[in-house]
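Summary of the model geometry
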Amino acid sequence: MSSTTINTKDVQGIFKGFGLAWPKGRFFFLRYDDDKAGRALIRHLMPLTSFHDLKSVKPNVCVNAAFTCAGLEGLKLDNDLLYSLPEDFRDGMRRRAKINGDAGASAPEHWEDIWSDHQVHLWVGVYSRTDTLLKDWDKAFTTWVAKTKGVAIVGSQDVSRIVSSPDVPVYIEDKTSQPEKPVLLEHFGFRDGIGNPPIKGLNDKHITGGGRITPEGEWADFPAGEFILGHVDTNGEMPIAPKPDAFARNGSFMVLRKLAQDVDLWRDYLKGQASKLNADADDIASRMVGRRRDGTPLMPAHDDFDFRYSSDPEGRVCPMGSHMRRTNPRDSSGASFGSLLVDRHRILRRAITYGELVPTGKTQEEVNGEDGQGLMFIVLNASISRQFEFVQQQWVNYGNEFNQGNDRDPIIGTQCGEDQMVIPGDNAAGRDTMVCDNLQQFVVCKGGDYFFLPSISAFEALASDSQGWRR
Amino acid sequence: MPLVPIHFKGKSNPMTVITPVKRGWGRFLTKVILFIFHHLPLGVVKELAFIHFARWILIEGNKLPRLSPDQPVEDKWPYDLYLFTTNFNGPWDQYIDAFGRIHAVSKGLNMLWYTSRGFEGSWPMRHFKRYIHYFENEQHLYYNAYPGATVRDIDASTRLNTELEAFLADTENEMDDAEFGRRYRAFVNQVSPWLGKSGLEPEHEALLHRARPLELSQ
């Protein structure tokens, strides 16, 4: 089989994304006391929903799963396999907090309890068409766990998709900034899930706009190896992966972070800045994000996907420091480089929101109570340190590459108290500079970890008592 | 493995790579290559804006400094030392990636290291990284006069300073408040892309810890 042909029956469904067809979900975080209990759990979950299933069978309930390092160790796998796991994954997200900028309110000591002491061994993501179907699955599963020795659910998290609607206003002051058409939203009222890279052999949507830009200026898709192990990457190499190949092939590394979004703080802050600057709060918000609420880019664009930054090297149209431009800078480093300096740091985002949308005029307490609202941020990448951690450290929590000095991402950066975002003015356009000062911690990390997302076949091999890379 | 903070304070990193070059024809060819590069316009490197400087020097193996005249001359080893020394911003991995991935730079490097023994080219990337890492020398001492400034910080501050001086000269004479306000806003708009905060922040931990590239940690 050539490396460009990917067996989609062997790839977990999350690579495709569950989208609006399976809008209700629940994440289970499980632990097992020994390898026997672990294998019983794996056998119970088999078969996982594959990429292919999402296109053909379209099951009512989809189940995907991924292991933490503690989870793989708990299965008593071969030492050669365990030590072939990359350092970043073996460390886990807690130990890498300083790289990811998880400090202040996001520091690991404030994370939810389940993320301490390596309690979480397995993530099980259940995505369902309806609430009723999800409840049925949940009931059957929790019953099974209760009667199975050595397996425990240490935590769970309900997730669901939120879609914009004229009945639920998400604008701050300017009514016209409300998206007209229904779009997938996140809690600050912006369109979500439109910046993902197209992968050769898996997903050829939005190559124009989503892909990489060659130095010749053409759009191209990503070789699968940037996101799926066992396939060639943009350097024309097989990504460094755990051994043996059958364990890693068609698998990936998954980063999961629970990001709480403080909607009240966000709206109050923007109102404050708007009155200080004598400007429009929704306009400031979209310049911080880099897109309008309905996803329209600030840059002149052919559609919501197809645009470039190289014509705006000073960030006067779309600020260099905006969230979108930081996390996918496209050809910001200059048209002659295309996206050559960006391609090795792209991530596949498979996030899903939790909590209900907070309509303008209501407080988050009234809508979501103590549980709050936010994003279960999920990233798939071939190398956590080269992709996710790089973005987090160099692009989100530092501004050098964007000529922003030490300034951080205004939305998800870790703010240190007196941080600012400069929205450059434009004398030709008659628009004045806006400096948003005293940025607040709108987004707080509540915990999470690094996971290994195996292929369907590797997951099944792990369940076997007789084979499956055991010590 | 626990994360160990890097031991140099500041935003830039040093790197020193010493590769062996065969004496004789190798030495001659290296000198020709260095002469050519000395006279080439290297716009790409400037455009990349994360390299403070990059320098290649040939140190002749039989002319190494000696502590005293009694110390024998090193002339048994048939190699010269080819020194590459550079200061850069950002992670090691990103720096080397840029070297290999940008065709113009990659071609230049193939030429510069052409005479170095065992050099297979700056592509494939993994070979190149291993080659650089193998011949890289650990830094024990590093002096940085402006630890809080990157190339981009310096560039932005220089531009800002020029504009500021022009603005001060422009507004030296008396004028009414409205006129001053107009000129002030125009000045701020002009320099607004270069107003990011620079300098070292004690709480800025993102710079203190760096992930080891997979190629080197596995």
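None of the values given here were measured: they were computed from a predicted structure. (Residues numbered from 1 in each chain as written. Chains lettered and ligands numbered in written order. Predicted model: local features only at pLDDT ≥ 70, side-chain atom pairs only at ≥ 80, totals over all residues.)

Focus on the overall build of chain A
As a reminder of what qualifies: Put simply, DSSP marks the helices as runs of H or I at least four residues long and the strands as runs of E at least two long, and each gets a number from the N terminus on. Computation of the radius of gyration draws on C-alpha atoms alone. For the globule rule, the value is 2.2 Å times the number of residues to the power 0.38. Put plainly, a residue is buried at 20 or more neighbouring C-beta atoms within 10 Å of its own, exposed at 12 or fewer, and partly exposed in between, counting only other residues' C-beta atoms, which are placed from the backbone.
Secondary structure summary: chain A contains 15 helices and 15 strands in total. Relative to a compact globule of 471 residues, whose C-alpha radius of gyration would be 23 Å, chain A shows 22 Å and is just as compact. Dimensions of chain A, computed from C-alpha atoms along their principal axes, come out at roughly 75 × 55 × 40 Å. Across the 471 residues in chain A, those meeting the buried criterion constitute 55%.

Let's talk about the overall build of chain B
If you tally the helices and strands in chain B, you get 8 helices and 4 strands. For chain B, the sequential pattern of α-helices and β-strands runs β-α-α-β-β-α-α-α-β-α-α-α. Compactness check: chain B gives a C-alpha radius of gyration of 23 Å against a globular reference of 17 Å for 218 residues, more than 25% above the reference. Overall size of chain B, expressed as C-alpha extent along the three principal axes, is 80 × 45 × 40 Å. The 218 residues of chain B split such that 27% are buried.

Quick word on unusual backbone geometry
Residue and element names in this part refer to chain A. With an omega of -10°, the peptide bond running from Met46 to Pro47 counts as cis. Within the element layout of this structure, Pro47 appears in the loop between helix H1 (35-45) and helix H2 (51-55). Cis geometry is adopted by the peptide bond preceding Pro244, which originates at Lys243 and carries an omega value of -5°. Relative to the helices and strands, Pro244 is located in the loop between strand E8 (219-220) and helix H9 (245-248). Backbone geometry places His206, a non-glycine residue, at a positive phi of 55°.

Examining the nonpolar core
To be explicit about the condition: Residues enter a nonpolar core if they are buried, belong to Ala, Val, Leu, Ile, Met, Phe, Trp, Tyr or Cys, and are joined to the set through C-beta atoms within 7 Å. Residues are scored as being in contact if the C-beta atoms we place from backbone atoms lie within 7 Å.
Ranked by size, the top nonpolar core spans 113 residues in total, and within it A:Met254, A:Met376, A:Val379 and A:Phe451 carry the most contacts. With 7 residues, strand E15 (residues 443-453) of chain A is the single largest residue contributor to this core. Leave out the neighbours within four places in its chain, and A:Met254 touches A:Ala66, A:Ile378, A:Val379, A:Leu380, A:Phe451 and A:Leu453. In terms of nonpolar packing, the next biggest core, distinct from the first, is built from 19 residues, A:Leu340, B:Ile102, B:Leu109 and B:Tyr131 among them.

As for the sheet that holds strand E4 (residues 136-137) of chain B
All names here are of chain B. Put simply, the rule is: Pairing between strands requires that DSSP locate at least two bridges from one strand to the other.
Strand order across the open sheet formed by 4 strands is E2-E3-E1-E4, with antiparallel pairing between neighbours. Among the strands making up the open sheet, the edge pair consists of strand E2 (51-59) and E4. Relative to E4, strand E1 (residues 12-22) runs antiparallel, the two being bridged by 2 bridges. Bridge assignment links Thr16 to a residue of E4, and that residue is Asn137.

Let's talk about the UniProt feature "domain: Dyp-type peroxidase C-terminal" (unreviewed entry) in chain A
Put simply, the rule reads: UniProt positions are given in the numbering used here, feature names are shortened, and annotations may be inferred rather than shown by experiment.
Those residues carrying the UniProt feature "domain: Dyp-type peroxidase C-terminal" (unreviewed entry) are residues 245-397 of chain A in this numbering. What you have in residues 245-397 of chain A is 33% helix and 15% strand, and the ends, taken at the C-alpha atoms, are 35 Å apart.

Regarding the interface of chain A and chain B
How big an interface is tends to be stated in terms of the accessible area lost upon association of its parts. What counts here: Residue classes follow a fixed rule: Ala, Val, Leu, Ile, Met, Phe, Trp, Tyr, Cys and Pro count as nonpolar, while Asp, Glu, Lys and Arg count as charged, and any other residue, Gly among them, counts as polar.
Taken residue by residue, the interface counts 45 residues in chain A and 44 residues in chain B. Elements supplying a minimum of two residues to the side of chain A that touches chain B: helix H5 (87-95), helix H6 (97-100) and helix H14 (384-396) of chain A. Grouping the constituent residues of the side of chain A that touches chain B by class yields 12 nonpolar, 20 polar and 13 charged.

Examining the domain arrangement of chain B
Put simply, the rule is: The split into domains, and so the bounds of each, comes from an automatic or database assignment of domains.
Partitioning chain B into domains gives domain 1 (12-137) and domain 2 (151-194). Here domain 1 of chain B and domain 2 of chain B have C-alpha centroids that lie 42 Å from each other.

With respect to helix H5 (residues 125-135) of chain B
Our working definition: Directions from the helix axis toward the C-beta atoms define the arc.
Among the residues of H5(B), B:Met125, B:Phe128, B:Lys129, B:Tyr131 and B:Ile132 are the ones counted as buried. On an axial view of H5(B), the arc spanned by its buried residues comes to 160°, and they lie on one face.

What to know about the packing of helix H3 (residues 92-101) of chain B against helix H4 (residues 103-112) of chain B
Residue and element names in this part refer to chain B. Counted only if it meets this: Axes here mean lines fitted to C-alpha atoms, for a helix over just the part in contact, with angles spanning 0 to 180 degrees between N-to-C directions. To sort the angles, those under 35 degrees are grouped as roughly parallel, those over 145 as roughly antiparallel, those from 65 to 115 as roughly perpendicular, and the leftovers as oblique.
Two numbers describe how H3 lies on H4: the axes approach to 5 Å, and their chain directions differ by 90°. Here H3 is positioned roughly perpendicular relative to H4, judged by the angle of their axes. Judged by residue contacts, Ala98, Phe99 and Gly100 of H3 engage Val105, Ser106 and Leu109 from H4. Here the residues of the contact of H3 with H4 are counted per class, giving 4 nonpolar, 2 polar and no charged.

Brief notes about the pairing of E1(B)
Strand direction decides the pairing type here: E1(B) and strand E3 (residues 79-89) of chain B, joined by 11 bridges, are antiparallel. Directly across from B:Ser12, in E3(B), lies its bridge partner B:Asn89.

Quick word on the confidence of the model for chain B
All names here are of chain B. Defined as follows: A score between 0 and 100, pLDDT records how confident the predictor is in each residue.
Summing up the model confidence of chain B, the mean pLDDT is 88 and the portion of residues at 70 or higher is 91%. Per-element confidence in chain B is highest for helix H7 (residues 177-191), whose mean pLDDT is 96, and lowest for helix H8 (residues 214-217), whose mean pLDDT is 68. The ipTM assigned to the predicted complex is 0.92, against a pTM of 0.95.

Focus on the pairing of strand E12 (residues 374-381) of chain A
All names here are of chain A. With respect to burial, E12 is a largely interior element, 8 of its 8 residues being buried. Of the strand pairs in this sheet, strand E9 (residues 252-261) and E12 are connected by 8 bridges, and their pairing is antiparallel. Paired with Ala260 across the strands is Gly374, a residue of E12. Bridging between strand E10 (residues 348-349) and E12 involves 2 bridges; their strand directions are antiparallel. Paired with Leu348 across the two strands is Leu380, which belongs to E12. Strand direction decides the pairing type here: strand E11 (residues 352-354) and E12, joined by 3 bridges, are antiparallel. Counted as the bridge partner of Tyr354 is Gly374 from E12.

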